[in-house]
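In case you want the letters, here they are:
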Amino acid sequence: MLLRDLYQTAIAEGIAADPRGRQEIERLLQEAKAQYDKLSDADKDEFDVEQLTNPYADTRISYGDPQMDVQRLITGVDVDTSELLLVQELNRSGRGIDLVVAHHPVGLGRLYFEQVMYMQADIMESLGVPINVAEAILAPRVAEVARRQMPANHYRVVDAARLLDVPVMCMHTPADNNVGKFVQEHLDAAAPRTLDDLVGSLKEIPEYKQAAKMGIGPKILVGNGKSRAGKIAVLMTGGTGGPVEDIKAMVDAGVGTLVEMHLTDEKKKAAEEHHMNVVIAGHMASDSLGMNLILDTFEQQGVDIIPFSGLIRVSRN
């Protein structure tokens with residue numbers, strides 16, 4: 001496959017699993033086009049034109065020729081300069097790796113990371129939270145994440161990739177969309193009664209089963225094994241963790257148990273105060289599952305996949 005085709009496939013797979021639905025994605029792309037058309041020539045020169053066809057600010061070709069042929073790629077959850085040096089060393093020994101695919105974004109994909117967080121309002125609305133409430137409690141958290149990104153050294157890894165001449169692509173929200181959809185559908189079908197049942201249902205998924213053997217599998221964070229799950233909400237997409245206020249809003253909407261990749265101490269405390277059960281599925285296993293669902297489509301086109309940097313590779317082909 002060409003690198004550009006891999007990139008476009010990742011975006012398409014993300015849209016297909018997006019909790020907002022295709023119609024909303026089309027609206028967002030049209031909105032970006034309208035914004036672009038109104039810009040001056042000088043401002044258009046600075047505009048990230050990928051926004052016109054890609055609704056995910058955290059998914060980009062970070063370095064490399066989009067027309068290059070990719071026969072073998074290596075992929076991991078986190079990619080830093082050390083991983084790029086490892087790839088260079090592997091290629092010296094004849095591994096023939098054409099591309100590095102990172103889950104967590106680097107370069108431009110990291111710069112506007114907070115933009116994908118707005119989908120959390122749509123997810124909350126789907127759970128029964130009024131959209132005006134969801135947007136109001138989300139806005140300060142989005143602004144906080146944006147401020148935290150401002151002083152970061154965004155292009156450090158991209159600069160290393162350029163100097164080492166190692167092509168890099170990152171795909172974050174498309175993978176997160178896929179794991180969120182997959183796990184929600186799996187739990188809806190399993191209908192676990194208790195949190196113990198819920199954890200058992202998660203371990204039916206190979207990535208979580210393998211993670212459990214590694215000591216990083218699903219765990220009950222708030223509640224106990226005999227606690228009844230009630231309405232289960234899987235929150236695994238939307239950039240990063242949402243505002244602490246979303247706990248109460250979802251309890252008020254009737255959610256009994258949250259299934260997340262990870263949770264801050266502040267949100268754990270809020271869950272305890274509002275009697276919300278929380279099951280942590282696991283960060284590496286969840287990211288691996290979301291990546292695997294897209295990597296399988298690459299593999300179907302003849303691309304060889306090598307996992308590293310925390311990715312638990314399970315092929316469903």
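Heads up: the structure comes first, above all this text.
Residues numbered from 1 in each chain as written. Predicted model: local features only at pLDDT ≥ 70, side-chain atom pairs only at ≥ 80, totals over all residues. Heavy atoms only, no water.

A.B. asks: So what's going on with the packing of aromatic side chains? Which residues, and what values?
C.D. replies: Going through the model one piece at a time under the given rule, you end up with 1 aromatic pair. Ring plane angle 50° and centroid distance 5.1 Å describe the contact between Tyr-36 and Phe-47, whose orientation is recorded as tilted. Remark: Phe-47 occurs in the loop between helix 3 (41-46) and strand 1 (59-63) and Tyr-36 occurs in helix 2 (residues 22-37); sequence separation between them is 11 residues. Since its relative accessible area comes to 13%, Phe-47 is described here as buried. Over the aromatic face of Tyr-36 sits the side chain of Lys-44, whose NZ or CZ is 5.1 Å from the ring centroid. (Phe/Tyr/Trp six-rings, centres within 6.5 Å; stacked < 30°, edge-to-face > 60°. Helix = DSSP H or I, 4+ residues; strand = E, 2+ residues; numbered from the N terminus. Buried < 20%, exposed > 50% of the residue type's maximum accessible area, 1.4 Å probe, protein only. Lys NZ or Arg CZ within 6 Å of the ring centre and 35° of its normal.)

A.B. asks: Mind laying out the pattern of salt bridges, listing which residues take part and the relevant values?
C.D. replies: Scanning the entire structure with this criterion turns up 19 salt bridges. The residue Asp-304 makes a salt bridge to Arg-72 at a minimum N-O spacing of 2.6 Å. A residue pair is termed long-range when its members are at least 10 positions apart, and Asp-304 in strand 9 (residues 304-307) and Arg-72 in strand 2 (residues 72-76) qualify at 232 residues. With relative accessibility at 32%, the residue Asp-304 sits in the partly exposed group. Several salt bridges converge on common partners, so that one network encompasses Glu-24, Arg-27 and Glu-31. (Salt bridge = Lys/Arg side-chain N within 4 Å of Asp/Glu carboxyl O.)

A.B. asks: Would you mind going over the packing of helix 11 (residues 206-213) against helix 14 (residues 283-300) in detail, with residue names and values included?
C.D. replies: The N-to-C vectors of helix 11 and helix 14 enclose an angle of 150°; their axes lie 9 Å apart at closest approach. As far as their axial angle goes, helix 14 and helix 11 are roughly antiparallel. Note on packing geometry: the crossing formed by helix 11 with helix 14 is right-handed. Touching Glu-207, Tyr-208 and Ala-211 of helix 11 are Ala-285, Ser-286, Ser-288, Leu-289 and Asn-292, all from helix 14. Tallied by class, residues from the contact of helix 11 with helix 14 come to 4 nonpolar, 3 polar and 1 charged. (Axes fitted to C-alpha atoms, helices over the stretch in contact; angles between N-to-C directions. Parallel < 35°, antiparallel > 145°, perpendicular 65-115°, else oblique. Left-handed = near helix turned anticlockwise from the far one by under 90°. Contact = heavy atoms within 4.5 Å. Nonpolar A, V, L, I, M, F, W, Y, C, P; charged D, E, K, R; others polar.)

A.B. asks: Describe helix 9 (residues 173-190), with residues and values.
C.D. replies: Taking 1.5 Å of rise per residue, the 18 residues of helix 9 would be expected to cover 26 Å, and the 25 Å separating its terminal C-alpha atoms lies within 8% of that figure. By the burial criterion, the buried members of helix 9 are Thr-173, Pro-174, Ala-175, Asp-176, Asn-177, Asn-178, Val-179, Gly-180, Val-183, Gln-184, His-186 and Leu-187. (Expected span 1.5 Å × (residues − 1).)

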